[in-house]
Amino acid sequence: MTPNLPGAGGGFVPPGPEAKVFVISVAAELSGLHPQTLRTYDRLGLVAPGRTGGGGRRYSLRDVELLRTVARLTAEGLGLEGVKRVIDLENQVLALRERVAELQAELAQARLPQNLPALIADQHVVIWHKKRR
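Residues numbered from 1 in each chain as written. Predicted model: local features only at pLDDT ≥ 70, side-chain atom pairs only at ≥ 80, totals over all residues. Heavy atoms only, no water.

Some points on the packing of helix α3 (residues 61-75) against helix α4 (residues 80-111)
If you want to describe how two helices pack, look at the angle between their axes and the distance between the axes.
Item 1. The interhelical angle for the contact between α3 and α4, taken along N-to-C directions, is 130°, at an axis separation of 10 Å. Our classification of the angle between α3 and α4 gives oblique. Here α3 and α4 pass one another in a crossing that is right-handed. Across from Leu66, Val70, Leu73 and Thr74 in α3, the residues of α4 making contact are Leu80, Val83, Val86 and Ile87. (Axes fitted to C-alpha atoms, helices over the stretch in contact; angles between N-to-C directions. Helix = DSSP H or I, 4+ residues; strand = E, 2+ residues; numbered from the N terminus. Parallel < 35°, antiparallel > 145°, perpendicular 65-115°, else oblique. Left-handed = near helix turned anticlockwise from the far one by under 90°. Contact = heavy atoms within 4.5 Å.)

Digging into helix α1 (residues 24-31)
Item 1. For α1, every residue scored as buried is listed here: Ile24, Ala27, Ala28 and Ser31. Projected down its long axis, α1 carries its buried residues within an arc of 100°, all on one side.
Item 2. For α1, the secondary structure elements touched by its buried residues are β1 (22-23), α2 (35-44), β3 (57-59) and α3.
Item 3. Just beyond α1, the residue with positive phi is Gly32, at close to 80°. (Buried < 20%, exposed > 50% of the residue type's maximum accessible area, 1.4 Å probe, protein only. Arc of directions from axis to C-beta.)

Concerning the pattern of salt bridges
Item 1. One pass over the full model with this rule turns up six salt bridges.
Item 2. A salt bridge links Arg51 to Asp42; the shortest N-O distance between them is 2.8 Å.
Item 3. Since its relative accessible area comes to 15%, Asp42 is described here as buried.
Item 4. With a closest N to O distance of 2.7 Å, Arg57 and Asp42 form a salt bridge. Here Arg57, found in strand β3, pairs with Asp42, found in helix α2; they are 15 residues apart in sequence, far enough to count as distant. Pair check on accessibility: Arg57 and Asp42 agree, each one buried. (Salt bridge = Lys/Arg side-chain N within 4 Å of Asp/Glu carboxyl O.)

Structural notes on the sheet that holds β1
Item 1. Judged by pairing direction, the sheet is antiparallel, and its three strands sit side by side in the order β1-β3-β2 without closing on themselves. With one partner strand each, in any of the chains shown, β1 and β2 (50-51) form the two edges of the open sheet.
Item 2. Bridge analysis of β1 against β3 gives two bridges, and the strand direction is antiparallel. Along β3, the bridge assignment pairs Val23 with Arg58. (Pairing = 2+ DSSP bridges.)

Examining the side chain of Asp42
Item 1. A polar contact of 2.7 Å, which involves the side chain of Asp42, links it to the side chain of Arg57.
Item 2. Every residue in contact with Asp42, bar those within four places of it in the chain, is listed here: Val47, Pro49, Arg51 and Arg57. (Polar contact = N/O pair within 3.5 Å; in protein donor to acceptor, adjacent residues only side chain to side chain.)

Some words on the layout of surface pockets
Over the atoms rolls a probe the size of a water molecule, and its path tells where empty space is left.
Item 1. Within this model, the largest pocket holds a volume of roughly 210 Å³.
Item 2. Among the secondary structure elements, those contributing two or more residues to the lining of the largest pocket are α3 and α4.
Item 3. Broken down by element, the residue count for the lining of the largest pocket peaks at five residues, all from α3.
Item 4. Across the lining of the largest pocket, the residue classes break down as two nonpolar, three polar and six charged. (1 Å grid on protein atoms, 1.4 Å probe; cavity = no way out; pocket = protein on both sides within 12 Å on 5 of 7 lines; lining within 4 Å. Points joined across faces, edges and corners; volume = space filled by probe spheres on them. Nonpolar A, V, L, I, M, F, W, Y, C, P; charged D, E, K, R; others polar.)

From the geometry alone we can't say anything about function, so treat these as descriptive.
This is the structure we're talking about:
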């Protein structure tokens, strides 16, 4: 008997990149870092894992990607404060790009023909009223 899982036809739906599903040991292995390093990065605010009811850390695929970025930047000689600043700036750039895309979509929508009366140059509309007696 197949368990009743969410999704089309009761099929398995894998977690998205934001789902906090990896325990610290798995996240450490996937990122190539030591679990204690992940704890330090959490304390410094470089990564924000989810928490279980018992306080255990849970990491998402995005968190693992972020940890890999931190590892790469520190390997290139950047200090942790510099890494934090780079990550903050990258997040700002991403947010600005998303906002630009929203504004471009609004502008494109505004340029579409609207259901308004068409005004034709050099033509007039005359309204006749019947005289009352």
